[in-house]
Amino acid sequence: MTRQYWLRWFSLHGVPRVVLRVQSRKGDTFARMMGPEGIADPHPYIETIRSQGRLVKTPLPWVTCDHALVRSVLRDDRFGVRSSARIQIPKVLQRFANRVPPPANPADPPAMLRMNPPDHTAMRKPVVSAFTPRAVKKLRDTVETVTEELLDAMPSGGSIELVESFASRVPIAIIFDILGMPREDQEKFLAWGKDMTPMLDVGISRRTYGRAMQAAQSLNDYLDRHIEKLRREPGDDILSNLVQSGDLDHYALKANASIIIGAGFETTANLIGHCVSLLLRLPEQLDRLRAEPQLWPNAVEEALRYEPPVFITARQALTDLELEGVQLPQGSMVMLSLAGANRDPAVFTDPQRFDVARPNANEHLSFSYGVHACFGASLARMEATHAVRSLFERFPDMRAAAPPRLRQQLTFRGYAQVPVHLGRKVQVTPSTVA
Ligand code: HEM
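Residues numbered from 1 in each chain as written. Predicted model: local features only at pLDDT ≥ 70, side-chain atom pairs only at ≥ 80, totals over all residues. Heavy atoms only, no water.

K.L.:
Help me understand the site of the ligand in this model?
P.N.:
For the ligand, the set of nearby residues contains 25 residues, the closest of which are His120, Thr313, Ser368, His372 and Cys374. The side chain of Ser368 places a nitrogen or oxygen atom 2.6 Å from an oxygen atom of the ligand. At the level of elements, α7 (119-130), α14 (250-281), β5 (312-317) and α18 (377-394) are the ones that each hand at least two residues to the shell around the ligand. Examining the composition of the shell around the ligand, we find that 6 residues originate from one element, α14, more than from any other. Across the shell around the ligand, the residue classes break down as 14 nonpolar, 9 polar and 2 charged. (Near = heavy atom within 4 Å. Polar contact = N/O pair within 3.5 Å; in protein donor to acceptor, adjacent residues only side chain to side chain. Helix = DSSP H or I, 4+ residues; strand = E, 2+ residues; numbered from the N terminus. Nonpolar A, V, L, I, M, F, W, Y, C, P; charged D, E, K, R; others polar.)

K.L.:
It is not clear to me how the packing of α14 against α18 should be interpreted in this structure. Could you clarify?
P.N.:
To describe two helices that pack against each other, one gives the angle between their axes and the distance between the axes. Running from N to C, α14 and α18 point in directions that differ by 40°, and their axes come no closer than 10 Å. Seen from above, α14 lies across α18 with right-handed handedness. Between α14, through Thr268, Leu271, Ile272, Cys275, Val276, Leu279 and Leu280, and α18, the contact on the second element is made entirely by Ala380, Glu383, Ala384, Ala387, Val388, Leu391 and Phe392. Tallied by class, residues from the contact of α14 with α18 come to 12 nonpolar, 1 polar and 1 charged. (Axes fitted to C-alpha atoms, helices over the stretch in contact; angles between N-to-C directions. Left-handed = near helix turned anticlockwise from the far one by under 90°. Contact = heavy atoms within 4.5 Å.)

K.L.:
Would you explain the pairing of β5 in this entry?
P.N.:
A regular strand places its side chains so that they alternate between the two faces of the sheet. When you tally the buried positions in β5, you get 5 out of 6 residues, the bulk of the element. When strand β3 (residues 79-80) meets β5, the two strands line up antiparallel, connected through 2 bridges. Residue Phe79 lies in a different strand from β5, and its bridge partner there is Ala317. Where β5 and strand β8 (residues 333-337) come together, 5 bridges link them in antiparallel fashion. Note on β8: the bridge partner recorded for Ile312 is Ser337. (Buried < 20%, exposed > 50% of the residue type's maximum accessible area, 1.4 Å probe, protein only. Pairing = 2+ DSSP bridges.)

K.L.:
I'm lost on the nonpolar core in this one. Help?
P.N.:
Side chains that are nonpolar tend, in soluble globular proteins, to be buried together. In this structure, Ile178, Leu179, Phe189, Met199 and Leu239 are the most contacted members of the largest nonpolar core, which totals 51 residues. It is helix α12 (residues 206-232) that provides the largest number of residues to this core, a total of 10 residues. The residues contacting Leu179, other than those within four sequence positions of it, are His226, Leu230, Asp237, Leu239, Ala257 and Ile261. Listed in part, the 43 residues of the second largest apolar core include Met154, Cys275, Val356 and Ala384. (Core = buried A, V, L, I, M, F, W, Y, C linked by side-chain atoms within 4.5 Å.)

K.L.:
Would you explain the sheet that holds strand β4 (residues 159-161) in this entry?
P.N.:
Two pairing modes exist for strands in a sheet, parallel and antiparallel, and in both the strands are linked by backbone hydrogen bonds. Read across the open sheet, the 3 strands follow the order β4-β12-β9; overall the sheet is antiparallel. Looking at strand neighbours, the two that pair on one side only are β4 and β9 (399-400), the edges of this open sheet. Taken together, the 2 bridges between β9 and strand β12 (residues 419-421) define a ladder with antiparallel strand orientation. Across the sheet, residue Ala400 finds its bridge partner in β12, namely Val420.

K.L.:
What should I look at first to understand empty space enclosed by the protein in this one?
P.N.:
To find leftover empty space, a probe the size of one water molecule is rolled over the atoms. Using the criterion set out here, one finds 1 cavity of 30 Å³ or more in the structure. Among the elements of the structure, α10 (169-179), α13 (238-245) and α14 are those that each provide at least two residues to the lining of the largest cavity. Residues belonging to the lining of the largest cavity are distributed by class as follows: 8 nonpolar, 1 polar and no charged. (1 Å grid on protein atoms, 1.4 Å probe; cavity = no way out; pocket = protein on both sides within 12 Å on 5 of 7 lines; lining within 4 Å. Points joined across faces, edges and corners; volume = space filled by probe spheres on them.)

K.L.:
Explain unusual backbone geometry to me, please; I cannot follow it from the model alone.
P.N.:
Peptide bonds are mostly trans, and most non-glycine residues show a negative phi. For the bond running from Pro109 to Pro110, omega is 5°, close enough to zero to count as cis. Structurally, the position occupied by Pro110 is in the loop between α6 (91-99) and α7. Geometrically, the link from Pro117 to Pro118 is a cis peptide bond, its omega value of 5° lying close to zero. Counting through the fold element by element, Pro118 comes out in the loop between α6 and α7. Phi is positive for Glu324, which is not a glycine, with a value near 55°. In this structure, Glu324 sits in the loop between β6 (321-323) and β7 (326-328).

K.L.:
Looking at this structure, how should I read the packing of aromatic side chains?
P.N.:
Going through the model one piece at a time under the given rule, you end up with 9 aromatic pairs. Plain terms: the ring middles of Phe131 and Phe375 are 5.3 Å apart, the flat faces sit at 70° to each other, and that makes the pair edge-to-face. On the criterion of sequence distance, the pair formed by Phe131 in the loop between α7 and α8 (133-153) and Phe375 in the loop between α17 (338-342) and α18 is long-range, its members being 244 residues apart. Accessibility expressed as a relative area gives 27% for Phe375, which makes it partly exposed. (Phe/Tyr/Trp six-rings, centres within 6.5 Å; stacked < 30°, edge-to-face > 60°.)

K.L.:
Please explain a nonpolar patch on the surface as it appears in this structure.
P.N.:
Judged by side-chain polarity, Trp6, Phe10 and Val15 come together as a nonpolar surface patch covering roughly 230 Å² of accessible area. Among the secondary structure elements, Trp6 is positioned in helix α1 (residues 3-25). For Trp6, a relative accessible area of 30% puts it in the partly exposed group. (Patch = residues over 30% accessible without salt bridge, like charges linked within 9 Å, V, L, I, M, F, W, Y side chains within 5 Å. Areas by Shrake-Rupley, 256 points an atom, 1.4 Å probe, with all protein chains shown as cover. Salt bridge = Lys/Arg side-chain N within 4 Å of Asp/Glu carboxyl O.)

Structural data, given as structure tokens:
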């Protein structure tokens, strides 16, 4: 990693990393939740924080697990996202750190997730407009085709690892459709995606950041060539629509293509992994879905509520302000636990229970809220519902072959491996995408 990136790492991740470690050793609940114990099982820490109040001071930022408060901060224009353009190191070092701009990536502006209005609006609007009804219809067809191809290739009576061979394959095919990229390049994207996603985590190691920057550089080189090609020969895809609209410059095109990869791929793979694992663990819930298949979309909402693929987000006070009777100076960070909000007993009855028929499951905040609310939400819902339902219909006797293994990441929480025995394969008329 060059010295410029070292300084970026130091200010964005190095300082929080040291503070979290020290505080974790002292037994601080928030710091422990953000460490290995929290990754394994965050919910006891969330409930401790909830019991301390709606807005809780920690040695690093403020934190809330309260549904109403998380929602209200997300739509409060006195708060914004933390921009890595304003990295917290002395001015002279900042000039040095900014001299070599990082490769376009999901965690730095102009990626829309790291921008505040009005610049955010200028980035987001053209991207949303590129998702035309015709383009979305094409994505639906791809979800059906890819799911069937993957299921056809799975052996009757065999044993497989589901994340590698299914949960990550459906979303990557969709991202490739969106970006108009050739199928044969999927393997390298899976590797870059795996290396880049930790960038959106808190307090990652220098090595992980270095690997992420390297992957971002490789992706940039690829996108330079790919975008030039789409300028000359536009395809029938969403990135071509965006390139042809001329609304974003080349660097912004790359940053926002990389955020579609960063925000759209692992999240959806995690959702599919969570859904499958939950249903394997709770066969009575699967039986209910077999008896009442109309509940499938609600089961996916409930999985989103119960195990949100994006576990936590944060907002920074853009001005001195008052929140919950507390004076927060400009720059104060508030960590918003989406997982905590999703199990708030004030909104969800018996919140620690997974219930595919929960009437208000869709009140979860797993797709965030306000100006940064995920615009891939309906696509992700459709992908997961079709993929998981089809999997259980084709392999009705499927069962866990070993306990699933979690990734060592908190922000994007999900399984690295879900080993299963598939059992017999039955031929069914493929269900169509709802
Ligand atoms: C289960 C799957 C998904 C989950 C749980 C998810 C979750 C989220 C969350 C929580 C945010 C906002 C973060 C914040 O407020 O700080 C977000 C933003 C975003 N998501 Fe998703 N997402 C998913 C799938 C997708 C897909 C499939 C796409 C692409 C087609 C996508 C594209 C985006 C983009 C571009 C943003 C940034 C929006 C902005 O900053 O205005 N996401 N997502």
